[in-house]
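Remarks on the overall topology
Next come the chains, spelled out residue by residue.
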There are 4 protein chains.
Amino acid sequence: MASEAQRSDTAEPRRGRPRSEASHQAVLDATTRLLRVSSYEELTVEAIASEAGVSKQTIYRWWKSKAAVVLEVMLTGNAEIELVPMPSTGDLRADCLTWIRGMLVEAFRDTHVGMARSLVVAGLQGDPGTERLLQQASMWDHGLLAERLREAERAGELREGVDIAAAASAIGDPLIFRMLTGSAPSLSWSESLVDVVVTGLMRPGAGSSIN
Amino acid sequence: MASEAQRSDTAEPRRGRPRSEASHQAVLDATTRLLRVSSYEELTVEAIASEAGVSKQTIYRWWKSKAAVVLEVMLTGNAEIELVPMPSTGDLRADCLTWIRGMLVEAFRDTHVGMARSLVVAGLQGDPGTERLLQQASMWDHGLLAERLREAERAGELREGVDIAAAASAIGDPLIFRMLTGSAPSLSWSESLVDVVVTGLMRPGAGSSIN
Amino acid sequence: MASEAQRSDTAEPRRGRPRSEASHQAVLDATTRLLRVSSYEELTVEAIASEAGVSKQTIYRWWKSKAAVVLEVMLTGNAEIELVPMPSTGDLRADCLTWIRGMLVEAFRDTHVGMARSLVVAGLQGDPGTERLLQQASMWDHGLLAERLREAERAGELREGVDIAAAASAIGDPLIFRMLTGSAPSLSWSESLVDVVVTGLMRPGAGSSIN
Amino acid sequence: MASEAQRSDTAEPRRGRPRSEASHQAVLDATTRLLRVSSYEELTVEAIASEAGVSKQTIYRWWKSKAAVVLEVMLTGNAEIELVPMPSTGDLRADCLTWIRGMLVEAFRDTHVGMARSLVVAGLQGDPGTERLLQQASMWDHGLLAERLREAERAGELREGVDIAAAASAIGDPLIFRMLTGSAPSLSWSESLVDVVVTGLMRPGAGSSIN
DNA sequence: CCGTAATCGAGACGGTACGTCCCGTCTTCGC
DNA sequence: GCGAAGACGGGACGTACCGTCTCGATTACGG
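Reading the values: the criteria
- Residues numbered from 1 in each chain as written.
- Chains lettered and ligands numbered in written order.
- Predicted model: local features only at pLDDT ≥ 70, side-chain atom pairs only at ≥ 80, totals over all residues.
- Heavy atoms only, no water.
- Axes fitted to C-alpha atoms, helices over the stretch in contact; angles between N-to-C directions.
- Helix = DSSP H or I, 4+ residues; strand = E, 2+ residues; numbered from the N terminus.
- Parallel < 35°, antiparallel > 145°, perpendicular 65-115°, else oblique.
- Contact = heavy atoms within 4.5 Å.
- Nonpolar A, V, L, I, M, F, W, Y, C, P; charged D, E, K, R; others polar.
- Near = heavy atom within 4 Å.
- Polar contact = N/O pair within 3.5 Å; in protein donor to acceptor, adjacent residues only side chain to side chain.
- Expected span 1.5 Å × (residues − 1).
- Buried < 20%, exposed > 50% of the residue type's maximum accessible area, 1.4 Å probe, protein only.
- Least-squares fit on C-alpha atoms with pLDDT ≥ 70 in both.
- Phe/Tyr/Trp six-rings, centres within 6.5 Å; stacked < 30°, edge-to-face > 60°.
- Lys NZ or Arg CZ within 6 Å of the ring centre and 35° of its normal.

1. Quick word on the packing of helix H6 (residues 110–123) of chain B against helix H9 (residues 164–181) of chain B
Residue and element names in this part refer to chain B. Interaxial distance between H6 and H9 falls to 8 Å at its minimum, and their mutual angle equals 100 degrees. Considering the angle they form, H6 stands roughly perpendicular to H9. Packed against H6, whose contacting residues are His112, Val113, Ala116, Arg117 and Val120, the element H9 presents Met179, Leu180 and Thr181 at the interface. In the contact of H6 with H9, the residues fall into 5 nonpolar, 2 polar and 1 charged.

Structure (structure tokens):
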């Protein structure tokens, strides 16, 4: 992303004339606003410039494409997609079920679905650099999920040798996929998904059962 | 599909010159050919028309957009995406592992990845009608997988009350997602994915174990 | 005209289904109707076909172009453009003045102006065959005018050696030109036009004078 | 002309990149060049753009149609149509005869005929704004002719009360009409035309006679 | 009274040009 | 001396008609 040019974590002095932070933020905000009412394809650079009160040149100076702008919006949390918190009551199965029920409500709102699609389409624009960003997308960060699983692992509740990331994907990715296709899964489907994976993950005999 | 629209049940006389099946097929073939070397975004209707030796109007007469053409190509199997066969040796876990190893090799070829992306982007074009098609896409038909699971279910190997479709998604969707982002997962990740889900699916004590 | 192609003077048998005279006339009528509300450029063959309830092929079978249809409409009097009659009271100057006053009223109606333009544009389509038709167009037939002038010539009122056709053009063509540009000339302009030409035509001393 | 539209009397600051005069002229030149070898109908905006090395959008930004471009070419003298000079020897009749003999040679050249047709067809496109331009067209400027007539008027050679413009049209318009139909008139026709009008114009007894 | 030949309406076909939209780049001028 | 305004060359869009080409369904003769 163009914006990474000066993103040094050590906060160096920043040489040269600094970019206009007002314009920068105006572009991100305008893009967020527009994406709420239009798809990625319908979004145009000219519309962003006009909506942001910024010249096209300013956009092209800092981002190399529409996809880059959209990805920055998404990945820096500018779009403020609220994640459902993951509870931690000590009962892994119950926590995951609580979480997925929340996701069913939260993630399938129209704006979120639109945002997710824009993010995916932007990420698939063929640019090799953007693919990586797509994978890191905090939006569907299975991080929360993976973290909870790791907590259970540390508590000795899980079978040994399982890949936590793979397990998190087994639950998280199907959810994302339904989100992209706009078809919210049923509650029972979702619960079954969690149940199967959690069951397969846990040490036999340990933990609660769904039935 | 657009092409079937006029084959209506009322079966009226069909006046005028009939649709040219040659042109129809030429469009699908040309699209397939072009998608092998270009992304969905790079693909243009004019290029399809030119490559197919067909007029643009003929394309717009039968399909309402580029997305519709691409979806017909994909969903009618015109692109001939070869699925990895699902073995059925009686050992569910072993069969699924065999299958996923094959998928790692087959599905992550460049052309297949490109096709999958095109299919997804086409399906996400915002058109409500196409979303449904996207879900039915035989490309990532978890059908083969789901079928094998149902076979095991009939054999009484599975726990009761689990949702087969959800379980198939738990394995299949993560695979598709990696395919879209272009990052082939490791063998151990894949095997762990299968192991967790199959374990969670099977009646305790039944079947083989990975370790 | 295309319609004359099969009008062989030897009157051959002409096998097969004969030309539908109904269709022929429907085309001419439809064209006339459409030209009343649209310019030559706006007129399309498809619109004619549709308006006439005839297939495009039928038009192209009998006329080689839109221009040919329009010219046939015009030159066969299908459009029924009414000419102003030329009086013959014995007073050439007075007769011509009466005639031109009538023309100012009649010829500059919107429909007539539109028809004249269509005729000219159709005639100028570059086709060499149509040019000739343009010259013969009865619409602006100076014939009536020329005839009256010749009558005066026979009566010995005119100077000798003058070209009657040229004189008729001197009055008629400026009128047509104003018609084409849509700017109706003033009465005094028109009367002066007639006066100058008639004066120049008549034997000195003969006839009445305008002032 | 379209190009002068924004040079308004309010003379506002004119922000942004200014219009490229090079492109403007390139369009006019390309149009002139193309009109030398093709008719108005054959001329396409895309061909102009391509020939001028200019984008279609640039043409549509400054002219509202092909007709507008052609009219600007014609009316600003870009096509450099050479007018035959009008002599002034003191003998009106002789001068006019000299002039019309020159016109017979000059005006009926192929390129000039083509240009005149293009100008007329462009002017008749139905746009009310362009009609006025058509009338002012310097191409068939009877201005030269009218000027000479006015000179004679000032010299007291003409009858009083005649409309000079009408008289100029009586000679000029028939010439133009023959030009449009592509049928060059004979010398005697032309001379008779001049003779009749000049005779009708001149004070009785004044000036020379043709015979 | 049957078959051959040419017509008819309908409408799809390969094309060409249209006029619009947006891309990404490039001036100019005002702050 | 940046940056908004906006013109530029380019190129694809989706539409409109062009003139041609099947279709199946009518007519008329001529055998």
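That covers the picture; the talk isn't over yet.
2. Quick word on the protein's contact with DNA strand F
Taken together, 36 residues surround DNA strand F, and among them B:Lys56, B:Tyr60, C:Gln57, C:Tyr60 and D:Arg15 come closest. Backbone sugar and phosphate groups make up 61% of those atoms of DNA strand F lying within 4 Å of the protein. Within the backbone of B:Val45, an N or O atom sits 2.9 Å from a phosphate oxygen of DNA strand F. C:Lys56 places a side-chain nitrogen or oxygen 2.7 Å from a base oxygen of DNA strand F. Broken down by secondary-structure element, the contributors of at least two residues to the surface near DNA strand F are helix H2 (45–52) and helix H3 (56–62) of chain B, helix H2 (45–52) and helix H3 (56–62) of chain C together with helix H3 (56–62) of chain D. With 4 residues, the top contributor of residues to the surface near DNA strand F is H3(D). When the residues that make up the surface near DNA strand F are grouped by side-chain class, the tally is 8 nonpolar, 16 polar and 12 charged.

3. So, helix H6 (residues 110–123) of chain D
In this model, H6(D) (14 residues) spans 20 Å end to end at C-alpha, consistent with the 20 Å of a helix rising 1.5 Å per residue. Summarising burial for H6(D): 11 of the 14 residues are buried, a large majority.

4. A closer look at the relation of the copies chain A and chain B
Structural alignment of chain A on chain B gives an RMSD of 0.2 Å, achieved by rotating through 179 degrees and translating 0.1 Å along the axis. Overall, the copies show the geometry of a two-fold rotation axis. The position closest to the rotation axis in chain A is occupied by the C-alpha of A:Gly200, lying 1.6 Å away. The overlap is high: 97% of the interface residues of chain A also sit at the interface in chain B, so the same surface is used on both sides.

5. Brief notes about the packing of aromatic side chains
All chains considered together, the criterion is met by 0 aromatic pairs over all chains. The positively charged end of B:Arg19 is found above the aromatic ring belonging to B:Trp63, 5.2 Å away from the centroid. Positioned over the ring face of C:Tyr40 is C:Lys66, at 4.3 Å from the centre of the ring.

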